[in-house]
Amino acid sequence: YSDSRRPLNYIIKKPKVNFEKQDVLFFMHGNGANLWKYENYLINQFSDNYVTVILQAPYEVSLMSNKWTWFDGYISFFSDTTFNEEQINASCDAVLFSIDKIIEKEKINPKRIFIGGNSQGGIIACKLALEHPDAIDGFIAHNSFMPISYKILKDESKYAELKGLVINGEYDETIDPINSKHIANTFLRLGADIQTKELKMGHEFPKLSRDVINEWMAQNN
């Protein structure tokens, strides 16, 4: 996908006050979602203190469905742990490519770059944070789990500057909350600065989650 050299489809919300340099959050939806789900009220619940870009996944679940996925075989993953490595890597490349292109196109002067994702989008965020900690300043994994396959940099000191926020729902029946502990522990062992938050929710992405993200983004300022 990334070879087509077009950034992923996205929607953007810029702060009303245009500071010289601004933090930017690139956020990735879960499996089967689309930009329309974020377009109205939802993107507006991300704070005005930073630029929010919602990226749409590159693969359509089925023709004309307007449901998008970062990689196929998401549900079967839970039973047989096979992972669609090619699509995952292509999605990661597409996200990195899109970050640069969108910053250029939207004339953003980034202070720091954060990537985040809900559910399947969080897997991509984790993989990017593990493999490209030098390209971002922080990551958010919401109701998510670790990619099965990833490479850790030889120079682990690169993770020392990385900040992470790991959120999970206490009653999540889709992705066991133990997975969020696994994400946090993996990054803590690498020396990253990780905060965790367990909310009284299931496998959803409510306003409460956006409040926690906004607070964390402000705190890291």
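For the structure, check the block above.
Residues numbered from 1 in each chain as written. Predicted model: local features only at pLDDT ≥ 70, side-chain atom pairs only at ≥ 80, totals over all residues. Heavy atoms only, no water.

Peer 1: Looking at this structure, how should I read the side chain of K127?
Peer 2: Mapping K127 onto the fold places it in helix α5 (residues 120–131). In this structure K127 comes out as buried when scored by relative accessible area, which is 3%. Here the side chain of K127 touches N89 through a polar contact of 3.3 Å, side chain to side chain. (Helix = DSSP H or I, 4+ residues; strand = E, 2+ residues; numbered from the N terminus. Buried < 20%, exposed > 50% of the residue type's maximum accessible area, 1.4 Å probe, protein only. Polar contact = N/O pair within 3.5 Å; in protein donor to acceptor, adjacent residues only side chain to side chain.)

Peer 1: Explanation requested: α5 in the structure shown.
Peer 2: Because each turn of an α-helix spans 3.6 residues, side chains separated by three or four positions in sequence point in the same direction. For α5, built from 12 residues, the straight-helix expectation of 16 Å at 1.5 Å per residue is met to within 8% by its first-to-last C-alpha distance of 17 Å. With 12 of 12 residues buried, α5 lies mostly within the body of the structure. Taken residue by residue, α5 has Q120, G121, G122, I123, I124, A125, C126, K127, L128, A129, L130 and E131 as its buried positions. (Expected span 1.5 Å × (residues − 1).)

Peer 1: Please clarify how the sheet that holds strand β6 (residues 110–118) should be interpreted in this entry.
Peer 2: Adjacent strands of a sheet form backbone hydrogen bonds with each other and so pair up, either parallel or antiparallel. Strand order in the open sheet formed by 7 strands is β1-β3-β2-β6-β7-β8-β9, with mixed pairing between adjacent strands. At either end of the open sheet lies a strand with only one pairing partner, and these are β1 (10–13) and β9 (193–199). Here the average twist between neighbouring strands, direction ignored, is 15 degrees. With 6 bridges connecting them, strand β2 (residues 22–28) and β6 associate as parallel partners. Directly across from L25, in β6, lies its bridge partner F114. Contacts between α5 and the sheet are confined to β2, β6 and β7 (138–142), with β6 contributing the most and set at about 135 degrees to the helix. (Pairing = 2+ DSSP bridges. Axes fitted to C-alpha atoms, helices over the stretch in contact; angles between N-to-C directions. Contact = heavy atoms within 4.5 Å.)

Peer 1: What's the story with the environment of Q195 in this structure? I'm lost.
Peer 2: Here Q195 lies in strand β9. Here Q195 falls in the partly exposed class, since its relative accessible area comes to 33%. Distance in space between the C-alpha atoms of Q195 and H142 is 12 Å, their sequence separation being 53 residues. If sequence neighbours within four positions are ignored, Q195 has contacts with G164, L165, V166, W216 and Q219.

Peer 1: What is the right way to read the packing of helix α4 (residues 85–105) against α5 from this model?
Peer 2: In a packed pair of helices, the relevant descriptors are the angle between the two axes and the axis-to-axis distance. At a closest axis distance of 10 Å, the pairing of α4 and α5 adopts a crossing angle of 75 degrees. As the angle between them shows, α4 and α5 are arranged roughly perpendicular. Residues E85, I88, N89, S91, C92, V95 and L96 of α4 form the contact with α5, whose own contacting residues are I124, K127 and L128. (Parallel < 35°, antiparallel > 145°, perpendicular 65-115°, else oblique.)

Peer 1: Looking at this structure, how should I read the nonpolar core?
Peer 2: Formed by 44 residues in total, the largest nonpolar core has its most connected members in F26, L55, W70, V95, I124, F139 and F187. The set of elements that each furnish at least two residues to this core consists of β2, β3 (51–55), α4, β6, α5, β7 and α6 (178–189). Other than its neighbours up to four places away in sequence, F26 contacts V53, L55, I99, I102, I103, I113, F114, I115 and G116. With 21 residues, the next largest nonpolar core counts L42, F46, L199 and W216 among its residues. (Core = buried A, V, L, I, M, F, W, Y, C linked by side-chain atoms within 4.5 Å.)

Peer 1: Just to check I follow, could you spell out the packing of aromatic side chains for this structure?
Peer 2: Two aromatic rings are characterised by how far apart their centres lie and by the angle between their planes. Summed over all chains, the structure comprises 6 aromatic pairs. Between the aromatic rings of F114 and W216, the centroid separation amounts to 5.5 Å while the plane-to-plane angle is 75 degrees, which identifies the pairing as edge-to-face. Within this pair, whereas F114 is found in strand β6, its partner W216 is found in helix α7 (residues 207–219), the two being separated by 102 residues in sequence. The exposure classification of F114 matches that of W216, with both residues buried. The ring of F205 has R210 lying over it, and the distance from NZ or CZ to the ring centre is 4.8 Å. (Phe/Tyr/Trp six-rings, centres within 6.5 Å; stacked < 30°, edge-to-face > 60°. Lys NZ or Arg CZ within 6 Å of the ring centre and 35° of its normal.)

Peer 1: Sorry, what's going on with the pattern of salt bridges here?
Peer 2: A side chain with one charge may pair with a side chain of the opposite charge, provided their charged atoms come close. The final tally for this structure, using the stated rule, is 10 salt bridges. A salt bridge links K127 to E85; its shortest N-O distance comes to 3.2 Å. Within this pair, whereas K127 is found in helix α5, its partner E85 is found in helix α4, the two being separated by 42 residues in sequence. According to the relative accessible area criterion, E85 is partly exposed, its value standing at 24%. The salt bridge involving D211 is made with K207; its shortest N-O contact spans 3.0 Å. Of this pair, D211 and K207 both sit in helix α7, 4 residues apart, roughly one helical turn. The exposure class assigned to D211 is partly exposed, which follows from its relative accessible area of 33%. The exposure class assigned to K207 is partly exposed, which follows from its relative accessible area of 44%. Through salt bridges that share partners, K13, K16 and D48 make up one connected network. (Salt bridge = Lys/Arg side-chain N within 4 Å of Asp/Glu carboxyl O.)

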